[in-house]
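Commentary on secondary and tertiary structure
The residues making up each chain are set out below.
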Amino acid sequence: MLLTFAKDIMKRVVISGGGLVCGLGNNLQTAWEALTQGASGVKRFPEASFREEGVQIAAIPSLDTTKLLEELTVKSKAAAYGMLAVQEALETSQLPMENTDSTSLLAEITGQNTHSGNKLSGLKRIFHSFGSQLALNFKVRGRVQTFISPFGEMNALGEAFNAIKWGEQDRVILVGASPEVDQDLVRSFVNLGFLNTEENARPEAGFQPYGEHAKGTVLGEGAACLVLEELESAQKRSAPILAEVVSYASSNDAAFLTKPSEEAEGLTRAITQALERAGLSNVDLVVGEGTSIPERDRAELIALRNVFSNAKVTSSKPSTGHTLSASSAMQTLFAAKAVSDKAFPILNVNKPLKIDSKHPVEYLETDQLKPQSVLVTSMGLGGHNSSLILKMLN
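So, here is what we can say about the structure in this document. (Residues numbered from 1 in each chain as written. Predicted model: local features only at pLDDT ≥ 70, side-chain atom pairs only at ≥ 80, totals over all residues. Heavy atoms only, no water.)

1. Thoughts on the pairing of strand E4 (residues 103-109)
Short version of the rule: Throughout, exposure labels follow a simple rule: accessible area from a 1.4 Å probe, protein chains only, divided by the maximum for the residue type, with under 20% read as buried, over 50% as exposed, and the rest as partly exposed. Helix and strand assignments come from DSSP, with helices taken as H or I runs of at least 4 residues and strands as E runs of at least 2, each series counted from the N terminus. Two strands pair if DSSP finds at least two bridges between them.
Most of E4 sits out of view: seven of its seven residues are buried. Residues Thr 103, Leu 105, Ala 107 and Ile 109 line one face of E4 and the alternating positions Ser 104, Leu 106 and Glu 108 line the opposite face, and both faces are buried. In terms of strand pairing, E4 meets strand E6 (residues 171-177) through seven bridges, oriented parallel. Across the sheet, the residue bridging to Ala 107 is Val 175, located in E6. For E4 and strand E5 (residues 144-148), the ladder comprises five bridges, and the chain directions are parallel.

2. Digging into the packing of helix H2 (residues 28-36) against helix H12 (residues 327-340)
Filter applied, for reference: For every element, the axis is a line fit to its C-alpha atoms; helices are fit only across the contacting stretch, and the angle between N-to-C directions ranges from 0 to 180 degrees. Roughly parallel covers angles under 35 degrees, roughly antiparallel covers those over 145, roughly perpendicular covers 65 to 115, and oblique covers all other angles. Contacts: residue pairs with any heavy atoms within 4.5 Å of one another. Each residue is assigned to one of three groups, with Ala, Val, Leu, Ile, Met, Phe, Trp, Tyr, Cys and Pro labelled nonpolar, Asp, Glu, Lys and Arg labelled charged, and all others, Gly among them, labelled polar.
The geometry of H2 relative to H12 is characterised by a closest axis approach of 12 Å and an angle of 75 degrees between their N-to-C directions. In this view, H2 runs roughly perpendicular relative to H12, as classed from their interaxial angle. Counting all contacts with H2, which are made through Leu 28, Gln 29, Trp 32 and Leu 35, the residues of H12 involved are Leu 333, Phe 334, Lys 337 and Ala 338. In terms of residue class, the contact of H2 with H12 is made up of six nonpolar, one polar and one charged.

3. A few points about the sheet that holds strand E10 (residues 311-314)
The eleven strands are arranged E5-E4-E6-E7-E1-E8-E13-E12-E9-E10-E11 in an open sheet whose pairing can be described as mixed. At either margin of the open sheet sits one strand with a lone partner, and together these are E5 and strand E11 (361-363). If you compare each strand with its neighbour and ignore which way they point, the axes differ by 30 degrees on average. Against the sheet, helix H4 (residues 77-93) contacts strand E1 (13-21), E4, E6 and strand E7 (223-230), and its axis sits at roughly 135 degrees relative to E1.

4. Quick notes on the pattern of salt bridges
Spelled out, the test is: For this analysis, a salt bridge means a side-chain nitrogen from Lys or Arg found within 4 Å of a carboxyl oxygen belonging to Asp or Glu.
Per the stated rule, a full pass over the model turns up eleven salt bridges. Here Glu 362 ties to Lys 312 by a salt bridge, and the two come within 3.9 Å at their closest N and O atoms. In this pair, Glu 362 sits in strand E11 while Lys 312 sits in strand E10, placing the two residues 50 residues apart along the sequence. Three or more residues are tied together by salt bridges with common partners; here these are Glu 53, Asp 184 and Arg 187.

5. A short note on the state of the cysteines
Definition in use: Defined by distance alone, a disulfide is two cysteine sulfur atoms within 2.5 Å.
In the structure shown here, the tally under the stated rule is zero disulfides. Free of any disulfide, Cys 225 has its nearest cysteine sulfur in Cys 22, 14 Å distant. Exposure remark for Cys 225: the relative accessible area of 0% places this residue in the buried category.

6. Digging into the environment of Val 86
Its place among the elements puts Val 86 in helix H4. Expressed as a C-alpha distance, the spacing of Val 86 and Leu 68, which sit 18 residues apart in the sequence, is 14 Å. When sequence neighbours within four positions are dropped, the list of residues in contact with Val 86 reads Leu 134, Phe 138, Ile 173, Val 175 and Cys 225.

7. A word on a negative patch on the surface
Which entries qualify depends on this criterion: Patches here: salt-bridge-free residues with over 30% relative accessible area, like charges joined within 9 Å, nonpolar side chains (Val, Leu, Ile, Met, Phe, Trp, Tyr) joined within 5 Å. For the accessible areas, the method is Shrake-Rupley and the probe is 1.4 Å, while residue cover comes only from the protein chains on display. Here the positive residues are Lys and Arg and the negative ones are Asp and Glu; neither His nor the chain ends is included. Throughout, a charge is located at the NZ atom of Lys, the CZ atom of Arg, the CG atom of Asp or the CD atom of Glu.
Together, Glu 262, Glu 263, Glu 265 and Glu 295 give the surface a local cluster of negative charge. Within the secondary structure, Glu 262 sits in the loop between strand E8 (243-252) and helix H9 (265-278).

8. Looking at the environment of Ile 60
Among the structural elements, Ile 60 can be located in the loop between strand E3 (57-58) and helix H3 (66-70). For the pair Ile 60 and Ile 9, spaced 51 residues apart in sequence, the C-alpha separation works out to 43 Å. Not counting residues within four places of it along the chain, the set of residues in contact with Ile 60 comprises Gly 23, Gly 41, Phe 45, Lys 77, Tyr 81 and Glu 221.

9. Looking at the side chain of Glu 289
Note the threshold: Counted as a polar contact is a pair of N or O atoms within 3.5 Å, where, for protein atoms, one must be capable of donating a hydrogen and the other of accepting one, and residues adjacent in sequence contribute only when both atoms are in side chains.
By the element assignment, Glu 289 lies in the loop between strand E9 (285-287) and helix H10 (294-307). Assessed through its relative accessible area of 2%, Glu 289 is described here as buried. At a separation of 2.7 Å, a polar atom in the side chain of Glu 289 contacts the side chain of Lys 317.

10. Re unusual backbone geometry
Phi is positive for Tyr 210, close to 55 degrees, though the residue is something other than glycine. Inspection of the secondary structure puts Tyr 210 in the loop between helix H7 (183-191) and E7.

So this is what it looks like as structure tokens:
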């Protein structure tokens, strides 16, 4: 009886718009075309301050944010990137912003590097300031919250999905923005052993997802925004729909702070629960993490082996760099585009990790697949795991 009642009140959730700034391009369409053509946004920056940490490569947008920063109270590149991504997402969603009482804004951020000379630079310690800055500019009057997401955790996406599914909000503007790739950030990740310091002369080869001899990840900058909306609300205003979000699940390893469980029990549970909630036993495509950090990639492949008899896998990170708190929104936006358009290839899978010959993984090297269902995975720091499933709208 209770289950029937729950099903009656559950809403269907769709993605009705998206916006993007990343190393591949300063808007969604430009970046999507580059991604499907197998381009890489990773470049060499030999004069950057972070070169002193042994790193000269990153995926940084070709974008001057100086003028936009002058208009913001919180003067950070994350806020500037977020502003541009939200603006594009609202335009592509054709969402009017006159009455926003039932519109929420949830944001994911790693931290905010504020620019010198800013009298309010102390606001960088108040992480809610990022979401509040965006809500102020776009006049969002529903729930506004900022989540700390240092390595692409999918918590805000899960909150957005559930808020609409259970009727708390009609729509949610979900935005993730990366911090600026500067010397302090690079030093931290070098000390963790996460970054590639050996491919400075070959930036396009620096990111080697699922590779047996991968040397570490490459950082990227940018922001991604999705407009998640209740299906009837989107249909009522004839909004363009990229994909339906059908399930979300999360788990925790409770094993290590900076590396995943060796047998990937946590991610296995998150994937299994997402499939069960979606009523599926398989998906057409996995948009995976593929961080180019061998122990993390190995754990992800073990989880896929634990769940699927075979899996087609791609990842956007080799093209965009690891954009940290922007990465889960970015991956989900690209996954939605794959459902509405076509799949995108994965770059630089050379000598892939061997996990289990009985459970093969096929790395997608072309854009010819037209998936109707896509799984997006996330493995954050602290053992946080998440899975999200998108489908073509029926």
